[in-house]
There are 2 protein chains.
Amino acid sequence: MTGPAEIEAPLKGLVRSVLGDGDYSVFYDLLPILAQDVADSEDRLKASLPASYPFLEEAASYATDSGGKRVRPLLISAVYRALGATETSKIQPLAAAFQLIHTATLVHDDVIDRADLRRGKPSVPRAFGMPAAIVAGDYLFVRAFQLAARYSPEVILRCGEACAELAQGEMMQENSRYDLTLGRDRYLRIMSMKTASIVAAGVASSAMVSGAAREVVDGLEEYGRGVGVAFQIQDDLLDVYGDPDVTGKPLFSDWKEGMPTLLSLDAHAALDGKERSEFERLFLARRKRPAELLRLKELTDRTDAHARSMADAEKWVESAIHGLRKLPEGPYRQLLEQVARGVITRRF
Amino acid sequence: MTGPAEIEAPLKGLVRSVLGDGDYSVFYDLLPILAQDVADSEDRLKASLPASYPFLEEAASYATDSGGKRVRPLLISAVYRALGATETSKIQPLAAAFQLIHTATLVHDDVIDRADLRRGKPSVPRAFGMPAAIVAGDYLFVRAFQLAARYSPEVILRCGEACAELAQGEMMQENSRYDLTLGRDRYLRIMSMKTASIVAAGVASSAMVSGAAREVVDGLEEYGRGVGVAFQIQDDLLDVYGDPDVTGKPLFSDWKEGMPTLLSLDAHAALDGKERSEFERLFLARRKRPAELLRLKELTDRTDAHARSMADAEKWVESAIHGLRKLPEGPYRQLLEQVARGVITRRF
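Not measured: the values here are computed from a predicted model.

Caption draft 1: The overall build of chain A, seen in detail. If you tally the helices and strands in chain A, you get 17 helices and 2 strands. Taking 348 residues into account, the globule formula puts the C-alpha radius of gyration at 20 Å, and chain A, at 20 Å, falls close to it. Counting only C-alpha atoms, chain A reaches 60 × 50 × 35 Å along its principal axes. Here chain A holds 348 residues, and 53% of them are scored as buried.

This is the structure in structure tokens:
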């Protein structure tokens, strides 16, 4: 059993990472409760992994252990409690399912990207081989859908639709590498599909399970979209402006992989003449030297691209907070608002 | 719309391929009915594929078009009708879901095996790239689960459990390459998990949806297991003894890939001294010349391995037919019996 004491410390870290540097002492009372919820959904997740073939179970467990900060279970639980629902055993399988889906996509992403590392540890394909990573990802998806099977067809369909959007977003992003003509709208659409759809489906489903009215569910969908897209824009900014000692990730990975971001698209569009050609040439190069990556940053900083990205992220945060307006006032709603704000002030 | 006329001809081929060379004119009356059922489930399948991103939809459609003979939808429909159920709109989504799951696993298998061809056409990874093949496989799984969402949790869980077994069987098979110490029991267990579990879940779920009693459902599970394992043993035999002009596949692919089969395990166990060492050396070689493959066949033919495999397959067919005993007598039950027999007399 994962106990609350064991998970409270990382949860404080999580809360700090999602709430940014603001004063979050007001939420301290909520922490042990949410810590227990997240621990319970984690137990539910672990209980779904056993397989009669130990190798597959090991690969699946390894993947879930590297599965990150448990932001999704935290949001799902906070929404459920914000709506006054207390029977948390009803929501744990859903929280576990969304965490499993997230993990499955990370594992398949690492196969696609041939990534050797995930959060500083060898990736699943690196540690267990490519075949195991593909099958383990499938296995995690299947276990997620089995956990979802107990919910209403409406919830299962929404969860499935988000997964389908996620797959489409991944495909669109994969096919947009080295494409500076992608355009902002298309970029934002990809982010919405790839990152935000599953966050939105998670919080909206949580509201559905709590028995909330349609308008509340729709509001939470808006909240999840906003948080997801803002999160992604901030991720893109941290890739260029973050402190690797704080983020734990090397800088410039999007440029190295030719992945267009709002920042690159805006910088490219704002530059003129020779500088624009230089940006293009550097961005499109399949291998980039450190000096070339720094030059891309220099060129970007001659434009208002950073400020535009931040302004966009703020709009998505506002949209997220707008989505919470039908939620009862109270500390959980405040926490959810603060999470949305923290998404763009976080430094890791 | 896929019409019955269009599908009846291939269905006759399918029926011949699954019924073997026997007299199947007794089932001619059933053909147009089953042809329409399979066509309807095919429409259901196609209706589930549309995506807002055309590239992904194209890859998914391409995969389903190469998805084979529609044995699963045929069996699911035949079971449903054998049980006297006629409201086929209730069973089409299930038949489509099982076909989609089958297709998804083929796509991911082709990534794992780095296969260039599938049924004589470029494989999905070959035609669309590895990233698209991984994501398209995930997408097909998700669409399958969405189709399954309308059924009872019991049906969804059985479907999920079969997918989990399938993943485990795939992993076990992948890790058994070049392993002549695998043992018959373990081999049969892999076949049961990888091939038979999903066939069993399909026919058992069909019985559940028709409202059949528990003992009927259990019998159909037994039927599906038997048909699945017998099918796989016959597949292994055709890989060595088949006529490539009839099967459409090159010979000896299991030996080329170091995949142990019942045939290889039995041959290896039955050989003595020098011949056994020679078999081992040839089997374990990562590259095998045509003369070496023929020598493996020669060594195999000095043992009773072929006869033992056939005897095993017959036992599984008997078990399958035994599983039908609770089904009402009639032409559909006869057809299902004949399918089980045909599985091991088929030459392609």
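After presenting the structure, the write-up continues.
Caption draft 2: Seen up close, the relation of the copies chain A and chain B. Expressed as a screw operation, the relation of chain A to chain B combines 0.0 Å of axial shift with a rotation of 180 degrees, fitting to an RMSD of 0.0 Å. Taken together, the rotation and translation describe the operation of a two-fold axis. Both copies contact each other with a shared surface, as 100% of the interface residues of chain A are interface residues in chain B too.

Caption draft 3: Representation of the interface of chain A and chain B in the model. Between chain A and chain B, the residue contacts involve 34 residues of the former and 34 residues of the latter. When contributions to the side of chain A that touches chain B are tallied by element, the ones reaching two or more residues are α3 (54-65), α5 (92-112), α7 (130-148) and α8 (153-174) of chain A. In terms of residue count, α8(A) provides more of the side of chain A that touches chain B than any other element does, 12 residues in total. Across the side of chain A that touches chain B, the residue classes break down as 23 nonpolar, 6 polar and 5 charged.

Caption draft 4: Layout of the nonpolar core. Ranked by internal contacts, the top residues of the largest apolar core, which has 219 residues, are A:Val79, A:Ala136, A:Ala230, B:Val79, B:Ala136, B:Ala148 and B:Ala230. Ignoring any residue separated from it by four or fewer positions in sequence, one finds A:Ala230 in contact with A:Ala313, A:Trp316, A:Val317, A:Ala320, A:Val343 and A:Ile344.

Caption draft 5: Spotlight on the environment of B:Gln92. Residues and elements named next belong to chain B. Within the fold, glutamine 92 resides in helix α5 (residues 92-112). Among the residues examined, glutamine 92 registers 24 C-beta atoms within 10 Å and is labelled buried. Glutamine 92 sits 243 residues away from leucine 335 along the chain, and the two C-alpha atoms are 20 Å apart. Among residues more than four places away in sequence, those in contact with glutamine 92 are Asp40, Ser41 and Arg44.

Caption draft 6: How the structure looks around the domain arrangement of chain A. All names here are of chain A. Domain annotation for chain A reports domain 1 (1-21 + 36-71 + 86-150) and domain 2 (157-348). On a C-alpha basis, the centroid separation for the pair domain 1 and domain 2 is 22 Å. Listed as interface residues are 16 residues of domain 1 and, on the opposing side, 18 residues of domain 2. The set of elements that each furnish at least two residues to the side of domain 1 that touches domain 2 consists of α1 (4-19) and α5.

Caption draft 7: Fine view of α8(A). Across its 22 residues, α8(A) extends 31 Å between first and last C-alpha, which sits within 8% of the 32 Å expected from 1.5 Å per residue. Taking burial as the measure, the 22 residues of α8(A) include 18 buried ones, the bulk of the element.

Caption draft 8: Main features of the packing of α5(A) against α7(A). All names here are of chain A. Put simply, α5 and α7 touch, their axes get as near as 8 Å, and they point 160 degrees apart. It follows that α5 is roughly antiparallel to α7 by the angle criterion. For the element pair α5 and α7, the recorded crossing hand is left-handed. Contact residues: α5 offers Pro93, Leu94, Ala96, Ala97, Leu100, Ile101, Thr103, Ala104, Val107, His108, Asp110 and Val111, while α7 offers Met130, Ala133, Ile134, Ala136, Gly137, Leu140, Phe141, Arg143, Ala144, Leu147 and Ala148. Of the residues belonging to the contact of α5 with α7, the class tally is 18 nonpolar, 3 polar and 2 charged.

Caption draft 9: Up close: helix α16 (residues 305-322) of chain A. Residues and elements named next belong to chain A. Taking 1.5 Å per residue as the helical rise, α16 with its 18 residues ought to reach 26 Å, and the 26 Å between its terminal C-alpha atoms agrees with that figure. Considered for burial, the residues of α16 that qualify are Ala305, Ser309, Ala313, Trp316, Val317, Ala320 and Ile321. Burial along α16 is one-sided: seen end-on, the buried residues are contained in an arc of 155 degrees. Facing away from the buried surface of α16 by more than 90 degrees, the exposed residues are Ala307 and Ala311.

Caption draft 10: Examining the confidence of the model for chain A more closely. All names here are of chain A. This prediction gives chain A a mean pLDDT of 92; 93% of its residues lie at or above 70. For chain A, the element scoring lowest by mean pLDDT is α1, at 61; helix α15 (residues 290-301) scores highest, at 98. This complex was scored by the predictor with a pTM of 0.93 and an ipTM of 0.91.

Caption draft 11: Just the packing of helix α3 (residues 54-65) of chain B against helix α7 (residues 130-148) of chain B, in detail. Residues and elements named next belong to chain B. Running from N to C, α3 and α7 point in directions that differ by 75 degrees, and their axes come no closer than 9 Å. As summarised for this structure, α3 and α7 are arranged roughly perpendicular, according to the angle between their axes. The segment α3 lies against α7, with Leu56, Ala59, Ala60 and Ala63 engaging Ala132, Val135, Ala136, Tyr139 and Leu140. In the contact of α3 with α7, the residues fall into 9 nonpolar, no polar and no charged.

Caption draft 12: Just unusual backbone geometry, in detail. Located in the positive-phi region is A:Tyr178, a residue other than glycine, with phi close to 60 degrees. You can see A:Tyr178 is positioned in the loop between α8 and α9 (184-209). Even without being a glycine, B:Phe252 presents a positive backbone phi close to 65 degrees. For B:Phe252, the location among the structural elements is in the loop between α11 (244-247) and α12 (253-256). Given 17 C-beta atoms within a 10 Å radius, B:Phe252 is considered partly exposed.

Caption draft 13: Structural view of the environment of B:Ala95. Residue and element names in this part refer to chain B. Looking at the secondary structure, you find alanine 95 in helix α5. For alanine 95, a count of 29 C-beta atoms within 10 Å translates into the label buried. Note: C-alpha distance between alanine 95 and serine 206 (111 residues apart in sequence) is 8.3 Å. Once residues lying within four places of it in the same chain are set aside, the contact partners of alanine 95 are Ser41, Pro73, Ile76 and Ser77.

Calculation rules
Residues numbered from 1 in each chain as written. Chains lettered and ligands numbered in written order. Predicted model: local features only at pLDDT ≥ 70, side-chain atom pairs only at ≥ 80, totals over all residues. Helix = DSSP H or I, 4+ residues; strand = E, 2+ residues; numbered from the N terminus. Rg over C-alpha atoms; globule rule 2.2 N^0.38 Å. Buried ≥ 20, exposed ≤ 12 C-beta atoms within 10 Å, placed from the backbone. Least-squares fit on C-alpha atoms with pLDDT ≥ 70 in both. Contact = placed C-beta atoms within 7 Å. Nonpolar A, V, L, I, M, F, W, Y, C, P; charged D, E, K, R; others polar. Core = buried A, V, L, I, M, F, W, Y, C linked by C-beta atoms within 7 Å. Domains from an automatic or database assignment. Expected span 1.5 Å × (residues − 1). Axes fitted to C-alpha atoms, helices over the stretch in contact; angles between N-to-C directions. Parallel < 35°, antiparallel > 145°, perpendicular 65-115°, else oblique. Left-handed = near helix turned anticlockwise from the far one by under 90°. Arc of directions from axis to C-beta. pLDDT = per-residue confidence, 0-100.

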